[in-house]
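A look at the structure
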Amino acid sequence: MTRKTDVLIIGAGQAGLAMSHSLSVRGIDHVILDRGAVGQRWRAERWASLHLLTPNWMTRLPGWHYRGNDPGGFMHKDEVVGMLNRYARSFSAPVEEFSGVESVCRTPEGFNVRTKSGDWTARSVVIATGACDRPAVPGFARDVASDIAQVTTATYVHPGQLDPGGVLVVGASATGVQLADEIHQSGRPVTLAAGAHVRLPRRYRGRDILEWLDRCGVLSEARDPSVPSDRALTQPSLQLVGSSPPRDIDLMTLAKLGVTVTGRLRGIDGANARFDDNLQTDVLAAETRRERTLARIDNFIRTTGAAALPAERAALLSLPNSADTRGLDLRASGIRTIVWATGFRRTYPWLQVPVLDASGEITQSGGITECPGLYTLGLPFMRRRNSTFIDGVGQDAIEISAEIARHLDGNSRAAA
Ligand SMILES: Cc1cc2nc3c(=O)[nH]c(=O)nc-3n(C[C@H](O)[C@H](O)[C@H](O)COP(=O)(O)OP(=O)(O)OC[C@H]3O[C@@H](n4cnc5c(N)ncnc54)[C@H](O)[C@@H]3O)c2cc1C
């Protein structure tokens, strides 16, 4: 039997749930389909110790905000699952769990959607399957010698799962620096290969850095349309960790702890790794960006009179453990495992609608695709800087729900 609804949302993470809430407010008939349970990725594809890097008070979704007694704390990933489930229950979100979508096809009336648990027709579809879908591992990973283990951010759980010996962590965004730190603390020698990155202090002038960025309006800044979408999709995330007590985590602090920092990994042939000579340039570029951001905060404090401690800048530390950037014999250096923390890509093998570009990304503008009735949500910089954040996806959902209402022309079956 084919079931019918006005809008099908694919994915029951924060994006799909925020869209569901926004459609519910408008009285639009809809169903959320997920291949797993609500918050599936936080359940199954994140490492064991992960805490959000955004403080609890930034857990704001349409019709929902953090009500606990630790607004400045950082939720463990299991608490995120709990929070998403409570959010879904708070407005009786119509979620069909374990209903993986296998195909989405265009029809004259809208869309046919085939799932593991049955078929659907809908007049509109929202793809909310996540920006962090599949680990983006470089092609040269296949040239790595078979005696060197490879782990991705989706398969890494804790240091105990790794073979004994040294570890090369590739990538120095939030995930890379957090994993380098955790693995180093477990007693293994860690080498961290770093490219372009964004370095910020956890706290600045007496407040969490994200509080300042939120108050200055940096996080909700609209996407600059002149930035090509492929660049927006590959922006490095902030080198931050959610910890108690708060602490900085960046190349400098890691190097000080004993992590060896190298330039970007260019290629591997067997056990021979080659690195770019980018480290100084990228560290200086990150420093310039950091100074610009902190100056913006200083200016905000000056012009608004916001309560703040006096400004102070940590001196740029050198990288004492920088490796020779020309090359490294992984075996000779005792490196037994590579952890790829090289970002994410998205795949839509089930999408039979011609909206994918040459690299397989959905062509869209602010979540609106060229196919009438087909929308996306939760992509990096989709409408604003925080489009992928728990605290940012809600505004995008509200705006796109208005587009959907226009598309449905106010004739939702529920509304009728
Ligand atoms: C390691 C890590 C740490 C992060 N930390 C923070 C943080 O501190 N603060 C913050 O605000 N953001 C953080 N983010 C970013 C963002 O909040 C998460 O990526 C979040 O999971 C995105 O939510 P989403 O709903 O867009 O996608 P997802 O959570 O990925 O949800 C997508 C859903 O779609 C489902 N799905 C996929 N394919 C199908 C299919 N074919 N059929 C049906 N269902 C399908 C999946 O099962 C999943 O439940 C982090 C991201 C990562 C990777």
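Residues numbered from 1 in each chain as written. Predicted model: local features only at pLDDT ≥ 70, side-chain atom pairs only at ≥ 80, totals over all residues. Heavy atoms only, no water.

1. Some thoughts on the site of the ligand
Among the 30 residues in the neighbourhood of the ligand, the closest are listed as Asp34, Arg41, Arg46, Leu53 and Thr54. Between an oxygen atom of the ligand and a side-chain N or O atom of Gln14, the distance comes to 3.0 Å. Thr54 places a polar side-chain atom, nitrogen or oxygen, 2.8 Å from a nitrogen atom of the ligand. Protein coverage of the free-state accessible area of the ligand, which is 980 Å², stands at 92%. If you tally residues by element for the shell around the ligand, the top one is helix α2 (residues 40-44), at three residues. Across the shell around the ligand, the residue classes break down as 16 nonpolar, ten polar and four charged. (Near = heavy atom within 4 Å. Polar contact = N/O pair within 3.5 Å; in protein donor to acceptor, adjacent residues only side chain to side chain. Areas by Shrake-Rupley, 256 points an atom, 1.4 Å probe, with all protein chains shown as cover. Helix = DSSP H or I, 4+ residues; strand = E, 2+ residues; numbered from the N terminus. Nonpolar A, V, L, I, M, F, W, Y, C, P; charged D, E, K, R; others polar.)

2. Regarding unusual backbone geometry
Note that the residue after Ser244, namely Pro245, is joined by a cis bond; omega there is 0 degrees. Notably, Phe98 is not glycine yet its phi reads approximately 55 degrees, a positive angle. Along the polypeptide, Phe98 turns up in the loop between β3 (95-96) and β4 (101-106). Taking relative accessible area as the criterion, Phe98 reaches 54% and is therefore assigned exposed. Of note in this structure, Arg205 is not a glycine but carries a positive phi near 50 degrees. (Buried < 20%, exposed > 50% of the residue type's maximum accessible area, 1.4 Å probe, protein only.)

3. Considering the environment of Arg274
Checked against the element boundaries, Arg274 lands in strand β17 (residues 272-275). Given the relative accessible area of 39%, Arg274 is considered partly exposed. For the pair Arg274 and Gly263, spaced eleven residues apart in sequence, the C-alpha to C-alpha distance is 9.2 Å. The residues touching Arg274, leaving out its near neighbours within four places in the chain, are Arg264, Leu265, Arg266, Gly267, Ile268, Asp269, Arg326 and Gly327. (Contact = heavy atoms within 4.5 Å.)

4. A look at the domain arrangement of the protein
For interface size, the figure often reported is the accessible area lost on association. Per the domain assignment, the segments making up the protein are domain 1 (3-133 + 346-415) and domain 2 (136-340). Here the C-alpha centre of domain 2 lies 29 Å away from the C-alpha centre of domain 1. Listed as interface residues are 25 residues of domain 1 and, on the opposing side, 28 residues of domain 2. On the domain 1 side of the contact with domain 2, Trp47, Leu53 and Phe381 bury the most area, a combined 32% of that side's loss. Across the domain 1-domain 2 interface, the total number found is two salt bridges. With its nearest N and O atoms 3.3 Å apart, the salt bridge here joins Arg60 to Asp214. Counting across the domain 1 and domain 2 interface gives seven residue pairs in polar contact (both at pLDDT 80 or more). Grouping the amino acids of the side of domain 1 that touches domain 2 by side-chain chemistry returns 13 nonpolar, four polar and eight charged. (Domains from an automatic or database assignment. Buried area = accessible area lost by both parts, 1.4 Å probe. Salt bridge = Lys/Arg side-chain N within 4 Å of Asp/Glu carboxyl O.)

5. Quick word on the confidence of the model for the protein
Averaged over all residues, the pLDDT of the protein equals 93, while 94% of them reach at least 70. Across residues 412-416 the pLDDT falls below 50, and counting only partners more than four positions away or on other chains, this stretch makes 14 contacts in the model. (pLDDT = per-residue confidence, 0-100.)

6. A short note on the nonpolar core
Membership of the largest hydrophobic core comes to 84 residues, with the highest contact counts inside it found for Val104, Leu351 and Leu377. Two domains each donate at least three residues to this core, and these are domain 1 (3-133 + 346-415) and domain 2 (136-340). Other than its neighbours up to four places away in sequence, Leu377 contacts Ala15, Met19, Val126, Ile127, Ala128, Met382, Val393, Asp396, Ala397 and Ile400. Listed in part, the 20 residues of the second largest apolar core include Met58, Val198, Leu240 and Leu294. (Core = buried A, V, L, I, M, F, W, Y, C linked by side-chain atoms within 4.5 Å.)

7. Observations concerning the packing of helix α1 (residues 14-25) against helix α3 (residues 77-90)
In the contact formed by α1 and α3, the axes pass within 10 Å of each other and the chain directions differ by 15 degrees. By the criterion of interaxial angle, the relationship of α1 to α3 is roughly parallel. Viewed along their axes, α1 and α3 form a crossing whose handedness is left-handed. Where α1 approaches α3, its residues Gln14, Leu17, Ala18 and His21 are matched on the opposing element by Leu84, Tyr87 and Ala88. Of the residues belonging to the contact of α1 with α3, the class tally is five nonpolar, two polar and no charged. (Axes fitted to C-alpha atoms, helices over the stretch in contact; angles between N-to-C directions. Parallel < 35°, antiparallel > 145°, perpendicular 65-115°, else oblique. Left-handed = near helix turned anticlockwise from the far one by under 90°.)

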